[in-house]
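# Fold and geometry: a report
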Amino acid sequence: MMVTWRSRLVALGALMSVSLLPLQTYAQSDTQNLCVDTSAAETPASIEQWLERSLQASHCYTFQARAVAINSIDVRTLALSHRIQDGIRQQVVQQLDGPSISVERRSRVGQLAWKANGSNGFPSLKGWTEHTSEVYDISLEEGARVAGRDAVKLRFEPHDNQRYTHEWWLDNATGLLLKHVLSDPTDRILETFQVTQLHEPERYEGQIVVDPTQPASEPSWHAEWLPEGFVAQPVSARDEEAHQRLYSDGLATVSIFAEPQAGTQNLKSGVSQIGVSSIAVEAHTQGDLQWQLVGIGEVPPSMLQRIVHSVEFD
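Residues numbered from 1 in each chain as written. Predicted model: local features only at pLDDT ≥ 70, side-chain atom pairs only at ≥ 80, totals over all residues. Heavy atoms only, no water.

## Thoughts on the packing of aromatic side chains
Keep this limit in mind: A pair of aromatic rings is counted whenever rings of Phe, Tyr or Trp (Trp by its six-membered ring) have centres within 6.5 Å, and the orientation is called stacked for planes under 30 degrees apart, edge-to-face for over 60 and tilted otherwise. In this description a helix means any DSSP run of H or I spanning at least four residues, a strand means any run of E spanning at least two, and both kinds are numbered starting from the N terminus. Three exposure classes are used, based on accessible area relative to the maximum for each residue type with a 1.4 Å probe and protein chains only: buried under 20%, partly exposed in between, and exposed over 50%.
Using the criterion set out here, one finds 3 aromatic pairs in the structure. With a centroid separation of 6.5 Å and an interplanar angle of 90°, the aromatic rings of Tyr 136 and Phe 156 are classed as edge-to-face. Pair noted here: Tyr 136 is in strand 5 (residues 136-146) and Phe 156 is in strand 6 (residues 149-158), with a separation of 20 residues, a long-range link. There is no split in this pair, since Tyr 136 and Phe 156 are both buried. Taken together, a centroid distance of 5.2 Å and an interplanar angle of 45° make the contact between Trp 291 and Phe 313 tilted.

The structure is reproduced here in structure tokens:
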């Protein structure tokens, strides 16, 4: 089944942009032993080592957790599950307030989700760290504590005022994300995600087979304008036709969908915001065809609207 902007909006409404971990930023190792790390017990000595540990941890630990997500709309409690079997990750987020909504995601441990601009082959954890450091100033603060666990705090301050500030609290023992706060350029907190209970995380030590990602075919359109640091990312092949492009600066992601207009099913053009995610809708005429462009991203609405407006058909 083709994943369209409609299904993306359903998931967005269910979770209000909350993720188990920094899923949009995990990177792929060029080895087959991503989770077999003999240095896991050592305390990282630098920001770069903490970043690499956090990305490895997002792949390599099984755990159960409870969390709370707070934004300008509401407060939601969540049940989180991360299992690994035969090299396959199963991530489940279940909403515990209101209607019972559960979102599941499966992927191979170490599966590519970040690619540097113009890179070939498998990008490394170090490559993601270097790119993110070019867009954000990253600082480290030790001695924090979240959910009864010792932690360190990483702050990602953007070099410009066109994107959000991220703050991560990472578990000292595992590197798992315990808390994530997103703030706008005026330091107004937009969303807080925090683990309240983390149950006995266990490291996966199975063999990891790293296969190249099979990307979807290139759409016949692209964004002509992107903020500095945003580069195109691979999109998994799910359908014979290409309907989506994905861009990321290492932390923030923007998805753009293009579909032929279908009468009453069309969304109203304009820009809006759900939690920390902006949604921009624009009609586009290409020859005799009418298209609807939908952009979704964890970026300010004005930035997303400009990206969508810059879309050009080849």
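## Here's the deal with the sheet that holds strand 16 (residues 289-297)
Applicable threshold: Two strands pair under a simple rule: DSSP has to find at least two bridges between them. Fitted lines through C-alpha atoms give the axes, limited to the stretch in contact for helices. The angle between two N-to-C directions lies from 0 to 180 degrees. Whether two residues are in contact is decided by their heavy atoms: any pair within 4.5 Å suffices.
Within the open sheet, the 6 strands sit side by side as 11-12-13-16-15-14. Their pairing is antiparallel. Whereas interior strands pair on both sides, the edge strands pair on one side only; in this sheet they are strand 11 (231-233) and strand 14 (270-274). Recorded for the sheet is a direction-independent mean angle of 25° between the axes of neighbouring strands. Inspection of the sheet shows strand 15 (residues 277-286) paired to strand 16 by 9 bridges, in the antiparallel sense. Across the sheet, Ala 280 pairs through a bridge with Gly 295, a residue of strand 16. Relative to the sheet, helix 4 (residues 301-309) contacts strand 13 (253-260), strand 14, strand 15 and strand 16, its axis offset from that of strand 15 by approximately 20°.

## Overview of the environment of Val 281
If you trace the backbone, Val 281 turns up in strand 15. Measuring from C-alpha to C-alpha, the distance between Val 281 and Val 308 comes to 7.8 Å, with 27 residues separating the pair along the chain. Among residues more than four places away in sequence, those in contact with Val 281 are Leu 267, Lys 268, Ser 269, Gly 270, Gln 292, Leu 293 and Val 294.

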